[in-house]
Amino acid sequence: MARWHGWFAQETLAGAARRRSRLLRLCLAGLLLASLSLTACGDDDPASTPGAAADATSTLAPSGPTLTATTAAEATPTDPPAATSTAAPPTPTTAPTATATRAATATATTAPEPLTLLIYFMRDEKIAATKREVPHTQQVAAAAVNALLEGPDEREEEIGMVSAIPEDTELNGITIVAGVATVDLSAEYESGGGSLSMAARLAQMVYTLTQFETVDSVVFELDGEPVEVFSGEGLIMDHPIGREDHEELTPAILVESPAPWEIVSSPLQITGTANTFEAVFQINIVDAAGLVVYDNFAMATSGSGTRGTFDETIEFTTTRPGIGALIVFEYSARDGSQINLVEIPLEFE
């Protein structure tokens, strides 16, 4: 019994030791599992470790400069430089050419158009109109006078146009105030010629300047000195001179447009002034074949001793392109004959 009790006691102590050993192992195993669980839980939380937080930040960071910088830092020195060369912006070699082209186009587009001016010479001892194209200018009156001083061209001379103004006449200056143009010419303007020549050169200048709406009459100066008596012919010039002062040098039907040798087609606008019986006159169009393709009357705003204006637009059909004519005339109230006839050569398209 004593031996059994001693054995039991020993066995009890040994069992207790074994149980404590197992319990210790279980506790260690539990601690290890808890540690593993904590580690696993820490992997799910980006803030649990600095490295994990950095990875999460990099993953969530938007693409942009940061991403580009990171990519550049990660590139190895052996990366081919071609990628950098391809990504580089193109050189602006074509920009100046494009800019120059646009500038040239703008300049060409905005360049002012030439001016078409009326110039008045003499034909059959009467005023006759023609046209000149001149570069665009703000000084249109001076441009018209200078064109007048150059005289008629060869084709105008072919139909009898002449200028009574001496060839060496020069324009010194011109001013326009309250409808009056003061034109200063060189002294050569009054040299030579008889009374008809003197009256004609004044009429040419007056008609050329009064084509503009801002000019009603003209005052003359010679080398800066006002003219009261013109030339040795003794023409009195004590007032501004207008077109009405030269009615005797103006044809009964004055066509101001179209001009001689102008290229025209149908419809054709015909403008000018007339002083005919009851303001009536006739218009004929003759084509290059010599056929009359238009024949009708027209009317000015006044007549029978008072000069009026006319503006007619007519339609016609030519049988052949080339040189034809515009013919205007008046039927005589006495015998029905054609009087005051003016023929203007035209080129029909």
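Residues numbered from 1 in each chain as written. Predicted model: local features only at pLDDT ≥ 70, side-chain atom pairs only at ≥ 80, totals over all residues. Heavy atoms only, no water.

S.K.: Can you tell me about the packing of helix α6 (residues 140–149) against helix α8 (residues 195–209), naming the residues and giving the values?
M.R.: Taken N-terminus to C-terminus, the directions of α6 and α8 make an angle of 145°; their axes are 10 Å apart at the nearest point. As for the relative orientation of α6 and α8, their crossing is right-handed in sense. Along the contact surface, α6 presents A141, A144, V145, L148 and L149, while α8 presents Q204, M205, T208 and L209. Its residues assigned to classes, the contact of α6 with α8 comprises 7 nonpolar, 2 polar and no charged. (Axes fitted to C-alpha atoms, helices over the stretch in contact; angles between N-to-C directions. Helix = DSSP H or I, 4+ residues; strand = E, 2+ residues; numbered from the N terminus. Left-handed = near helix turned anticlockwise from the far one by under 90°. Contact = heavy atoms within 4.5 Å. Nonpolar A, V, L, I, M, F, W, Y, C, P; charged D, E, K, R; others polar.)

S.K.: Quick one: what's the story with α6, residue by residue and with numbers?
M.R.: An α-helical turn contains 3.6 residues, so any two residues separated by three or four positions project in the same direction. Here α6 lies mainly inside the structure; 8 of its 10 residues are buried. Residues of α6 that are buried: A141, A142, A143, A144, V145, A147, L148 and L149. Residues of α6 that are buried sit in contact with β1 (115–123), β2 (126–134), β4 (171–177) and α8. G151 sits one or two residues past α6 and shows a positive phi near 85°. (Buried < 20%, exposed > 50% of the residue type's maximum accessible area, 1.4 Å probe, protein only.)

S.K.: Before we move on, can you summarise the sheet that holds strand β6 (residues 217–222) with the specific residues and values?
M.R.: The strand order across the open sheet built from 4 strands is β4-β5-β6-β7, with neighbouring strands paired in mixed fashion. Strands at the two margins of the open sheet, each flanked by one partner only, are β4 and β7 (225–226). Where strand β5 (residues 180–185) lies against β6, 6 bridges are found, and the strand directions are parallel. Looking at the pairing, V180 lines up with S217 of β6. (Pairing = 2+ DSSP bridges.)

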